[in-house]
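One letter stands for each residue in the lines below.
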Amino acid sequence: MKAILALDQGTTSSRAIVFDAAGDILAVAQRELRQIYPQPGWVEHDPREIAATQLAVAAEASRGFDIAAIGITNQRETTIVWDRGTGEPVANAIVWQDRRTAEMCDALREHEPLFRARTGLVLDPYFSATKIRWLLDRTRIDPERLAFGTVDTWLIWQLTQGRVHVTDVTNASRTLLFDIHRGEWDDELLQIMNIPRSMLPRVIASGEVAGVTSDGIPIAGIAGDQQAALFGQRCVAPGMAKNTYGTGCFLVMHTGGSAVQSRHGLLTTRAAGASEFALEGSVFVAGAAIQWLRDNLGIIRHAADVEALAASVPDNGGVTFVPAFTGLGAPHWDPHARGAILGITRGTTAAHIARAALEAIALQNAEVIEAMRADSGIAMRELRVDGGACRNDLLMQLQADVTGLRVIRSRVAETTALGAAYLAGLATGFWKSDDLQWKADRVFEPGSLRTDLVEQWRDAISRVK
Ligand code: ADP
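Read on for a plain summary of the structure. (Residues numbered from 1 in each chain as written. Predicted model: local features only at pLDDT ≥ 70, side-chain atom pairs only at ≥ 80, totals over all residues. Heavy atoms only, no water.)

## Considering the pairing of strand S6 (residues 80–83)
Burial along S6 is two-sided: the residues Ile 80 and Trp 82 and Val 81 and Asp 83 are all buried. With 4 bridges joining them, S6 and strand S8 (residues 146–149) adopt antiparallel strand pairing. For Val 81, the partnering residue across the bridge sits in S8 and is Phe 148. (Buried < 20%, exposed > 50% of the residue type's maximum accessible area, 1.4 Å probe, protein only. Helix = DSSP H or I, 4+ residues; strand = E, 2+ residues; numbered from the N terminus. Pairing = 2+ DSSP bridges.)

## Section: the nonpolar core
In a soluble, globular protein the nonpolar side chains are often hidden away together inside. The biggest cluster of nonpolar side chains holds 56 residues, and the ones touching the most others in it are Tyr 245, Leu 293, Leu 358 and Leu 383. It is helix H11 (residues 350–376) that contributes the most residues to this core, 14 residues altogether. Look past the residues within four positions of Leu 358 in its chain and what remains in contact with it is Ile 290, Val 306, Ala 310, Asn 392, Leu 394, Leu 395 and Leu 398. Core analysis: the next-biggest nonpolar cluster, separate from the first, contains 33 residues, Leu 33, Ile 80, Leu 155 and Val 164 among them. (Core = buried A, V, L, I, M, F, W, Y, C linked by side-chain atoms within 4.5 Å. Contact = heavy atoms within 4.5 Å.)

## A look at the pattern of salt bridges
Applying the stated criterion across every chain yields a total of 36 salt bridges. A salt bridge links Glu 280 to Arg 174, with the shortest nitrogen-to-oxygen separation between them at 3.1 Å. Within this pair, whereas Glu 280 is found in strand S18 (residues 277–283), its partner Arg 174 is found in the loop between helix H6 (169–172) and strand S10 (178–179), the two being separated by 106 residues in sequence. Both residues of the pair, Glu 280 and Arg 174, belong to the buried class. The residue Arg 182 makes a salt bridge to Asp 186 at a minimum N-O spacing of 3.8 Å. For Asp 186, a relative accessible area of 2% translates into the label buried. A network of salt bridges, in which partner residues are shared, links Arg 118, Asp 179, Arg 182, Glu 184, Asp 186 and Glu 188. (Salt bridge = Lys/Arg side-chain N within 4 Å of Asp/Glu carboxyl O.)

## Thoughts on the sheet that holds strand S5 (residues 66–74)
Read across the sheet, 6 strands follow the order S3-S2-S1-S5-S14-S13 without closing on themselves; strand pairing throughout is mixed. One side of each edge strand has no neighbouring strand; the edge strands of this open sheet are strand S3 (25–32) and strand S13 (211–212). Strand direction decides the pairing type here: strand S1 (residues 2–9) and S5, joined by 8 bridges, are parallel. Residue Leu 7 lies in a different strand from S5, and its bridge partner there is Ile 72.

Below, the structure written as structure tokens:
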């Protein structure tokens, strides 16, 4: 049977998923990826292991199917530098979470407005540029011999035996070196970072044939994980947005052909379509707050138990939970803030705290959605959701009630892999755009707007700050 293979190279695992012509899943294979923590704040992966696990699951999942094309989606920003001659990495991959270049970013602070204007990003260790500089500072190999790649680039290099050195616009737009407006590497930023242009991959569209494997299969779709999910959720017009509920939440809204500069600490980035842009905002602690109820307070045994506990009370009983464990992200950006549980009385129970934790996830997302509206002037139409915690119906209903938006859960949970598959299938004629059906699992209609919760939250935030 003809099918599309999606490679989903994530932070904790390499996965491969085979989709049939109807967009349904035929096979899945997955391997864990070792996390390497050499020092506090440092996170590395072994590039050889990234490639080996990804190629192994690809072979396992695709056995017995006639693969028409391969799509790739990947953990973004993670940085690999290797010797073009030998194919050997100069060091381990520096993972997106790694904070080792924080001081380097501080030293570059005078250039921040330029980085922001050209790349849509903030100057932060999260992105690739300072990670590349770190690796260059620690190798004796002539930079002219070296190649840089994000994980998509590294995998394509492996799949084509070093014949193809490319990345796509969505991955390029997370490096701090790519002018998202002109769609090209930026020589001025390269000069500031002292990174030779010769190291960089050629940038192609997300839905373009990048190369062909030794078995003759086209690699035809590439997108970073969040942009792939946006595409997989079929958010391809201005105001369409998706939210992924996992450890944190990742909200991305399509803004059409215009790159919206944020005044509220959101990131501007390229979407997978041609000359299309998106606004991105993340909530650091979402599902992690539920883990905290489970592991630190011990009031639930499994994450999914939070729904029944929270539903056992009619309201939060005046309790607000601000899970600012690592500071506050957009739109507040206060790294020094810490969490708080407010409004506790003699009558407060574990159920009120559980309910307040779910409300906190929904309210943090509501603030990001409000920032997106204020920055773009585009009213979000509805919110399409995926990720582990979106299975919580109470949370989804709260999300609808605090935003006034319809919240729609996708039928296919694997929206990231599906997005990469769609890109590859479109580029090779396996699908036409009319073929790409998006199906809802369940729609959560907003009830009357919960301005009471929003106000209670605002008050709590001001205290936490
Ligand atoms: P990640 O990809 O970030 O590891 P997942 O998409 O696997 O995350 O989702 C797991 C997260 O979702 C965990 O933080 C967990 O606490 C939370 N979670 C899982 N199920 C539920 C649920 N039913 N209600 C609320 N949170 C949940």
